[in-house]
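So the chains spell out like this:
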Amino acid sequence: MTQARLLTYEEYLQRPYDGRRTEFIDGRVVELAPPRGKHADIVLYLYEKLKAHFAEQHLPLLCKPFAAQVRIPLSETRDRGRDPDLIVCTVQQWESLQDQTAVFKVGNPPLVAIEAVSPGNAKTDIGTKRAEYADAGIQEYWIVNALEGYISVWILKGRVYEEFGYFSNDEAVRSEAFPHLNLTVDQILKARD
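Rules and cut-offs
Residues numbered from 1 in each chain as written. Predicted model: local features only at pLDDT ≥ 70, side-chain atom pairs only at ≥ 80, totals over all residues. Heavy atoms only, no water. Core = buried A, V, L, I, M, F, W, Y, C linked by side-chain atoms within 4.5 Å. Buried < 20%, exposed > 50% of the residue type's maximum accessible area, 1.4 Å probe, protein only. Helix = DSSP H or I, 4+ residues; strand = E, 2+ residues; numbered from the N terminus. Contact = heavy atoms within 4.5 Å. Pairing = 2+ DSSP bridges. Axes fitted to C-alpha atoms, helices over the stretch in contact; angles between N-to-C directions. Phe/Tyr/Trp six-rings, centres within 6.5 Å; stacked < 30°, edge-to-face > 60°. Lys NZ or Arg CZ within 6 Å of the ring centre and 35° of its normal. Salt bridge = Lys/Arg side-chain N within 4 Å of Asp/Glu carboxyl O.

**Comments concerning the nonpolar core**
Reasoning step 1: In terms of nonpolar packing, the biggest core is built from 27 residues, with Leu-46, Leu-50, Trp-142, Phe-178 and Ile-188 touching the most fellow members.
Reasoning step 2: Per-element accounting of this core gives the leading share, seven residues, to helix 2 (residues 37-56).
Reasoning step 3: Counting 20 residues, the second largest nonpolar core, distinct from the first, contains Phe-104, Val-117, Ala-134 and Ile-143.

**Some remarks on the side chain of His-39**
Reasoning step 1: Counting through the fold element by element, His-39 comes out in helix 2.
Reasoning step 2: Here His-39 is in contact with Phe-66, Asp-85, Ala-116, Val-117 and Ser-118, once residues within four sequence places are set aside.

**Let's talk about the sheet that holds strand 6 (residues 86-90)**
Reasoning step 1: An order of 3-6-8-9-10-11 is seen for the six strands of this open sheet, with the pairing classed as mixed. Looking at which strands have only one partner, the edges of the open sheet turn out to be strand 3 (61-65) and strand 11 (160-168). Here the strands of the sheet are splayed against their neighbours by 20° on average, with no regard to which way each runs.
Reasoning step 2: Bridge count for strand 3 against strand 6 is five bridges, and the pairing is antiparallel. Residue pairing across strands places Cys-63 opposite Val-88, the latter belonging to strand 6.
Reasoning step 3: The strands that helix 2 touches are strand 3, strand 6, strand 8 (112-116) and strand 9 (140-145); relative to strand 3, the one it contacts most, it runs at about 165°.
Reasoning step 4: Across the face of the sheet, helix 4 (residues 122-136) comes into contact with strand 8, strand 9, strand 10 (150-157) and strand 11 while running at roughly 170° to strand 9.

**Considerations on the pairing of strand 2 (residues 28-31)**
Reasoning step 1: Here strand 1 (residues 22-25) pairs with strand 2 via four bridges, running antiparallel. Looking across to strand 2, one finds that Ile-25 is bridged to Arg-28.
Reasoning step 2: Following strand 1, the chain reverses through two residues before pairing antiparallel with strand 2; Asp-26 in that reversal takes a positive phi of roughly 50°.

**Thoughts on the packing of aromatic side chains**
Reasoning step 1: Counted according to the given criterion, the structure contains eight aromatic pairs.
Reasoning step 2: For the pair Phe-54 and Phe-178, a centre-to-centre distance of 5.3 Å together with 50° between the ring planes defines the contact as tilted. In this pair, Phe-54 is assigned in helix 2 and Phe-178 in the loop between strand 11 and helix 5 (185-190), connecting sequence segments 124 residues apart. When sorted by exposure, Phe-54 lands in the same class as Phe-178, which is buried.
Reasoning step 3: Directly above the ring of Phe-164 sits Arg-174, whose terminal nitrogen or CZ lies 4.8 Å from the centroid.

**As for the environment of Lys-190**
Reasoning step 1: Its location among the elements puts Lys-190 in helix 5.
Reasoning step 2: A C-alpha to C-alpha distance of 20 Å links Lys-190 and Cys-63, two positions 127 residues apart in sequence.

**Thoughts on the pattern of salt bridges**
Reasoning step 1: Scanning the entire structure with this criterion turns up 15 salt bridges.
Reasoning step 2: For the salt bridge of Glu-23 with Arg-82, the shortest nitrogen-to-oxygen distance reads 2.7 Å. A residue pair is termed long-range when its members are at least 10 positions apart, and Glu-23 in strand 1 and Arg-82 in strand 5 (residues 80-82) qualify at 59 residues.
Reasoning step 3: With a shortest N-O distance of 2.6 Å, Asp-79 and Arg-71 are connected by a salt bridge.
Reasoning step 4: A relative accessible area of 16% means that Asp-79 is categorised as buried.
Reasoning step 5: It is possible to trace a salt-bridge network through shared partners that takes in Glu-23, Asp-26, Arg-80, Arg-82, Glu-115, Asp-125, Lys-129 and Glu-132.

**Considering the sheet that holds strand 2**
For sheets, the rule is that strands pair by backbone hydrogen bonds, running either parallel or antiparallel.
Reasoning step 1: On the basis of which strands lie adjacent, the open sheet formed by five strands has the order 2-1-5-4-7 and mixed pairing. Strands at the two margins of the open sheet, each flanked by one partner only, are strand 2 and strand 7 (103-104).
Reasoning step 2: With two bridges connecting them, strand 4 (residues 69-72) and strand 7 associate as parallel partners. Of the residues in strand 7, the one forming a bridge with Val-70 is Phe-104.
Reasoning step 3: Packed onto the sheet, helix 4 meets strand 1, strand 4 and strand 5 and runs at close to 110° relative to strand 5.

Printed below as a string of structure tokens:
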């Protein structure tokens, strides 16, 4: 059996888009399971709430679910592009992506990445992606863990994330990026007010 040739990230981006959600992991295209059930409900609920919050606060920010990839800086052992469940970026950043493939290049990361933990993918969402998003320079990372009933918010300090807050039950989720956001963990995990 011959092994498929590893791709470069540039070759990956040049492939025709076939509608599948994928990530680029060390030369291979990895298909992501389509968001379903609770996972999709949580991401879409957060999208709607953040979108409304940005409008109410007159913030020049956009949130986009399942919409853009974040290029992780190349290292000796890693070549990756990750696809967060939800990103928050400036309007200007998003508009600049419209002329090209929807990829936040190295040096121009989104402001916030949010991952809803999936069964069977918790280790990647909680550990691996947290380290990679720090390497990419994303200022704030949310881990929405409906499996264990919490949301943790991480803030980039230098080159690593420090936990800004760990929230559960009816606690309001605090965010450095959105200090006036008023949502509880229960609302987010139930995906309803």
